[in-house]
Every structure is written in C-alpha cells, then in structure tokens.
Amino acid sequence: MDIKEQLKDIKTQLRLSMNGAVSQSMREKGLVYKLNFGVELPRIKSIAAGYEKDHALAQALWKEEIRECKIMAGLLQPVDSFLPEIADIWVEDIRNIEIAELTCMNLFQNLPYAPAKSFHWIADEREYVQVCGFLTIARLLMKKGDMNERVENEFLDQAVTAFLSGSYHVRNAAMAAIRRFMHYNEENAFQVCRRVEAMETSLQEAEQLLYKLVKEELD
C-alpha cells in the first residue's frame, strides 16, 4: 500500500474502534481535539503494530488533526530520519498535555540529540515547547541520571524558574524533571534542597509549594 492507502486503512480501523464515552470524558477534562475517536491507548498501539516504522507515513499521520493519528505518528516515526528541525515543527504543533506526554515517551526521549534539544525547548517561552522540554529531560533522567555540573546548574535554574512562574502544565513537567533529578543520588537531592531551603518561610505561594513538594520527595 502507498501512504495514502495506509492512511485510509488506519482511519478505517480507528473509526471501527471509536469510543464516544471516552471522547466525551476527555473533552470534559479539557483535552480538546479537532477530531477525537476516543480510541484507548492499547488499541492505538495494536493498530500501529501492524505497520512498519516509516518516515513518510508518520509525517502524514502527524499532519492529520486527529488525536489517534498524532499518537500513532510518534509510534511510527523512525529516529534516524527525524531531524532536529522536524522535531521543532512537531513541538510547535503540540496543543495539549496528552500528546506532549505520549510523544516525549514514544519518540523524543529516544532521539540522539534529545539532551541538547530538550534544553533548547525549556528555554522557550511557549507553554507546550517548555512542557516537552521538561518531560523529555525527565525521561532522560530515568535512563541516565547524571549531568555535568554546568548542565546541572542550568537545568535547576530553568526548572525552578519554570515551576515558580509557569502555567499548570509547565509547573508539573518541571517538577517531574526535578523529581527524577533528585532520585538519581543523594548529592542531587541535596542540591535541590539547597536551592529551595529559603522558600520554607516565603510569602509566595508558589515558593512554599515547591519547598513542600521537594520535602515530600525526601520523606
């Protein structure tokens, strides 16, 4: 089958698996898509497993304004042909937390340039660009928790700033990365504690919350 036929076949399978109740529930929780079949993740993965990873197919799926197609794009995109400039285009196109989380998990964390690119993203002012940066860093820290000292300081500066001033999703993504950094070893945990210790008595609600969350990780 050519790309057009594969795309048509995928959409047919998605329609046959659609779940209106799931789609409605997601809308109520704020996950808004132009088109959402409400297909559950195991079924999306099952459909994707029927296709070889293919750059052209993944790019075509990503361009569809359909939830399930965007999820499958991340599953079917080969790493070696996913150039940094394409990664930027995808990230700029992400509009909600589900696609951010799944694309970081299924694709972004596996990119050879993920460490450098994720730091580029967390320095961006756009909400979901930052979210993808911190979620990718969190994933990388799960696999390999060490950074050199300069990178550690840059990461902590950006993560603390993002937590204190970012949106709800940016704050959560930054905290996910901070947690993974702390879990790597005691020295990392100590570094974070040193950063937030003065926030215990802060009048700023966000600073108090960050102090509390860091303390909970230690307990």
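Each remark here, short or long, concerns the structure printed above.
Before going into details, it helps to say that this report is about the structure given with it. (Residues numbered from 1 in each chain as written. Predicted model: local features only at pLDDT ≥ 70, side-chain atom pairs only at ≥ 80, totals over all residues. Heavy atoms only, no water.)

### A closer look at the overall build of the protein chain
Using the following cut-off: Strands here mean DSSP runs of E at least two residues long; helices mean DSSP runs of H or I at least four residues long; both are numbered from the N terminus. The globule rule is 2.2 Å times the number of residues to the power 0.38, and the radius of gyration it is compared with is taken over C-alpha atoms. Only protein chains enter the area calculation, which uses a 1.4 Å probe; residues under 20% of their type maximum are buried, those over 50% are exposed, and those in between are partly exposed. The contact rule is simple, with two residues in contact once any of their heavy atoms fall within 4.5 Å. Reported accessibility uses the Shrake-Rupley method at a 1.4 Å probe radius. Residues are deemed covered only where the shown protein chains occlude them.
Counting its secondary structure elements, the protein chain contains 13 helices and zero strands. The C-alpha atoms of the protein chain give 19 Å as radius of gyration, which agrees with the globular expectation for 219 residues (17 Å, within 12%). Overall size of the protein chain, expressed as C-alpha extent along the three principal axes, is 60 × 40 × 30 Å. The proportion of buried residues among the 219 residues of the protein chain is 50%. Of all intrachain contacts in the protein chain linking residues separated by at least 6 positions in sequence, the fraction that spans at least 24 positions is 66%. If you sum the accessible surface of the protein chain, you get close to 11,600 Å²; carbon and sulfur atoms cover 51% of it.

### Here we look at helix H1 (residues 3–16)
Quick reminder: α-helices carry 3.6 residues per turn. Residues three or four places apart thus point the same way. Defined as follows: Every helix has an expected span of 1.5 Å times one less than the residues it contains. Any N or O atom pair separated by 3.5 Å or less is treated as a polar contact, with the protein-specific requirement of one donor-capable and one acceptor-capable atom, and with residues adjacent in sequence counted only for side-chain atom pairs.
The end-to-end C-alpha separation of H1 is 20 Å, in line with the 20 Å expected for 14 residues at 1.5 Å each. Where the residues of H1 are buried, they touch helix H3 (41–48), helix H4 (55–63) and helix H5 (67–76). The backbone nitrogen of Lys 4 has a side-chain oxygen 3.2 Å away, supplied by the residue at the start of H1, namely Asp 2.

### Remarks on the environment of Gln 191
You can see Gln 191 is positioned in helix H12 (residues 186–196). With relative accessibility at 9%, the residue Gln 191 sits in the buried group. A C-alpha to C-alpha distance of 27 Å links Gln 191 and Pro 112, two positions 79 residues apart in sequence.

### Examining the pattern of salt bridges
Oppositely charged side chains can pair when the atoms bearing their charge come close. Stated formally: Take a side-chain nitrogen of Lys or Arg and a carboxyl oxygen of Asp or Glu: if they are within 4 Å of each other, that pair is a salt bridge.
This model, assessed by the stated rule, comprises 11 salt bridges. Salt-bridge contacts for Lys 70 lead to Asp 93; the nearest nitrogen and oxygen are separated by 2.8 Å. Of this pair, Lys 70 sits in helix H5 while Asp 93 sits in helix H6 (residues 84–93), placing them 23 residues apart in sequence. Look at Lys 70 and you get buried, because its relative accessible area is 7%.

### Regarding the nonpolar core
Which entries qualify depends on this criterion: By nonpolar core we mean a set of buried residues, namely Ala, Val, Leu, Ile, Met, Phe, Trp, Tyr and Cys, connected to one another through side-chain atoms within 4.5 Å.
Judged by nonpolar contacts, the single largest core of 76 residues is most densely connected at Leu 61, Met 72, Phe 82, Phe 108, Phe 134, Phe 155 and Leu 210. Sort the elements by how many residues they give to this core and helix H9 (residues 127–143) lands first, with 10 residues. Dropping the residues within four chain positions of it, Met 72 is found in contact with Ile 10, Leu 14, Ile 44, Ile 47, Ala 48 and Leu 61.

### With respect to the packing of aromatic side chains
One pair of aromatic rings is described through two measures. These are the centre distance and the angle between the planes. What counts is decided by this rule: Only rings of Phe, Tyr and Trp enter the pairing, Trp through its six-membered ring, and a pair is recorded when the two centres are within 6.5 Å. The plane angle decides the type: under 30 degrees is stacked, over 60 is edge-to-face, the rest tilted.
Counted under the stated rule, the structure contains five aromatic pairs. Geometrically, the ring pair formed by Trp 62 and Trp 90 is stacked, given 4.1 Å between the ring centres and 5° between the ring planes. Of this pair, Trp 62 sits in helix H4 while Trp 90 sits in helix H6, and the two are 28 residues apart along the sequence. In this structure Trp 90 comes out as buried when scored by relative accessible area, which is 1%. A centroid spacing of 5.5 Å and a plane angle of 50° characterise the contact between Phe 155 and Phe 181, whose relative ring orientation is tilted. Taken together, the residues span a long stretch of sequence, with Phe 155 in helix H10 (residues 149–165) and Phe 181 in helix H11 (residues 168–184) at a distance of 26 residues. Of the residues examined, Phe 155 reaches a relative accessible area of 0% and is grouped as buried. Pairwise contacts between aromatic rings join Trp 62, Phe 82, Trp 90, Phe 108 and Trp 121 into one cluster.

### Some thoughts on the environment of Met 147
In this structure, Met 147 sits in the loop between H9 and H10. Residue class for Met 147 comes out buried when judged on its relative accessible area of 18%. Taking the C-alpha atoms as reference, Met 147 lies 9.3 Å from Phe 181; in sequence the two are 34 residues apart. Beyond its immediate chain neighbours, meaning those up to four positions away, Met 147 contacts Phe 119, Ile 137, Leu 141, Glu 152 and Phe 155.

### Thoughts on H9
With 17 residues, H9 extends 25 Å between its outermost C-alpha atoms, agreeing within 8% with the 24 Å of an ideal straight helix rising 1.5 Å per residue. Counted residue by residue, H9 has 13 buried out of 17 residues, so it is predominantly covered.

### Considering the side chain of Asn 36
Mapped onto the elements of the fold, Asn 36 is located in the loop between helix H2 (20–28) and H3. Reaching out from Asn 36, the side chain makes a polar contact with the backbone nitrogen of Gly 38 at a distance of 2.7 Å.

### Some points on the packing of H9 against H10
Each pair of packed helices can be summarised by the angle the axes make with each other and by the distance between the axes. Worth spelling out the cut-off: Every axis corresponds to a line fitted to the C-alpha atoms, with the helix fit spanning only the stretch in contact, and the corresponding angles, defined between N-to-C directions, vary from 0 to 180 degrees. The cut-offs work like this: below 35 degrees is roughly parallel, past 145 is roughly antiparallel, 65 to 115 is roughly perpendicular, and the gaps in between are oblique. In this scheme the crossing of two helices becomes right-handed for a clockwise turn of the near helix relative to the far one and left-handed for an anticlockwise turn of less than a right angle. When residues are grouped by polarity, Ala, Val, Leu, Ile, Met, Phe, Trp, Tyr, Cys and Pro land in nonpolar, Asp, Glu, Lys and Arg in charged, and all others, Gly among them, in polar.
Where H9 contacts H10, the two axes come as close as 12 Å, and the packing angle between them is 130°. The pairing of H9 with H10 is recorded here as oblique in orientation. When you trace H9 past H10, the crossing you get is left-handed. Where H9 abuts H10, its residues Gln 130, Phe 134, Ile 137 and Leu 141 lie against Phe 155, Gln 158, Ala 159 and Ala 162. Each residue belonging to the contact of H9 with H10 can be placed in one class, and the counts come to six nonpolar, two polar and no charged.

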